[in-house]
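Notes for the structure review
Okay, here's what each chain looks like letter by letter:
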Amino acid sequence: MSYILNSTAMASPVFVPSAVVDSNLKLASHTQLKVLLVFLRNMTNGNNSEENIASFLNLPLSEVNDALEFWAQAGILVSTAEPQELQLNKASKPKAVKPVSVKPTREEVAEVALSDPKLSFLLIEAEMKLARSLRSNELQTLAWLYLDYQMDVSLILMLVEYAVSEGKATVSFIEKTALNWIDAGVTTLAQAEEQIEERNQKKTAWNIVRSSFGIDARMPSDKELEYSDKWVIKWKFSREMLKEAYNRCIDQKAKLSMPYINSILERWFKEGITSLTEIARDKKTVKESSFAKYDRSFVDKLLNSDD
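Calculation rules
Residues numbered from 1 in each chain as written. Predicted model: local features only at pLDDT ≥ 70, side-chain atom pairs only at ≥ 80, totals over all residues. Heavy atoms only, no water. Patch = residues over 30% accessible without salt bridge, like charges linked within 9 Å, V, L, I, M, F, W, Y side chains within 5 Å. Areas by Shrake-Rupley, 256 points an atom, 1.4 Å probe, with all protein chains shown as cover. Salt bridge = Lys/Arg side-chain N within 4 Å of Asp/Glu carboxyl O. Helix = DSSP H or I, 4+ residues; strand = E, 2+ residues; numbered from the N terminus. 1 Å grid on protein atoms, 1.4 Å probe; cavity = no way out; pocket = protein on both sides within 12 Å on 5 of 7 lines; lining within 4 Å. Points joined across faces, edges and corners; volume = space filled by probe spheres on them. Nonpolar A, V, L, I, M, F, W, Y, C, P; charged D, E, K, R; others polar. Axes fitted to C-alpha atoms, helices over the stretch in contact; angles between N-to-C directions. Parallel < 35°, antiparallel > 145°, perpendicular 65-115°, else oblique. Contact = heavy atoms within 4.5 Å.

Moving on, we get to a nonpolar patch on the surface. A cluster of nonpolar side chains, Val14, Val16 and Leu37, forms an exposed patch at the surface whose accessible area comes to about 210 Å². Here Leu37 is to be found in helix H2 (residues 30-41).

Structural data, given as structure tokens:
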């Protein structure tokens, strides 16, 4: 069956740069594509703010910010917070993207497996770990990681087992995690275990942050995991400190803003403030300093008065 574009659908077209399809379509996630389309759709009416996009797509604001940053780094968008000269340079020099190889077809995988015992073993063991037959896209992805990226069979099977244990035995999770390991230079089981442990620590940190902020249980974005790891694991802030930073953010912004909370916690970390008592003492010092300054000026005015 063939298709043509319905002419009535062109009554209000949305302009999409050709570079989105030519250079970035294979790398962009579904969320990143959705965010870009809504952004482009609302460019003329001024409703393309991060908050409006997040509300329209029912997505966390952090995921929308991450998606917009992806398109900025790809050279499709430029930040209005940057100098104009830097924006022009970024727009004229799109970020080079790594070409993605085409996954083998199911027939190609079956043919290679006949002469490659390692691939055959990988597919059989993966089915055992999943407790079901491999779907076509799963079979293609596992073979792709083994053949194109030359991932060790033991690493791929460890990844499948990890995906099952996390309740995320999906192609997208397996593929994303595998590519993250490859980018991180993971080649051994010990290195993979370190990656898993690091992510588990970030998840634990996220749960502490989530409960402190009163956020419903959901999957965090990569940026939220990074913030949580920094605040809880690296800076070692308690739930009480996180809650105080959250309350200050809501008082000031009337909404949750991870970057704003990060700025508060970063100042406390640099100043060595680690408890609510120290925060109260810091407030008192600021008030006393301000009062002393006012008091001296008032006395000076009285002394110099002609009356």
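This part takes up empty space enclosed by the protein. Empty pockets left among the atoms are what a rolling probe the size of a water molecule brings to light. Following the criterion strictly, the structure yields 1 cavity of 30 Å³ or more and no others. In this structure, the largest cavity encloses a volume near 50 Å³. Lining of the largest cavity is provided by Leu130, Leu134, Glu138, Thr141, Leu142, Ala169, Val171 and Ile174. Broken down by secondary-structure element, the contributors of at least two residues to the lining of the largest cavity are helix H8 (136-147) and helix H10 (171-183). Among the residues forming the lining of the largest cavity, the class breakdown is 6 nonpolar, 1 polar and 1 charged.

Time to look at the packing of H8 against H10. Between H8 and H10, the least distance of the axes is 10 Å, while the angle of their chain directions is 10°. Between H8 and H10, the crossing angle belongs to the class labelled roughly parallel. Across from Asn137, Glu138, Thr141, Leu142, Trp144 and Leu145 in H8, the residues of H10 making contact are Val171, Ile174, Glu175, Ala178 and Leu179. Considered class by class, the residues forming the contact of H8 with H10 number 7 nonpolar, 2 polar and 2 charged.

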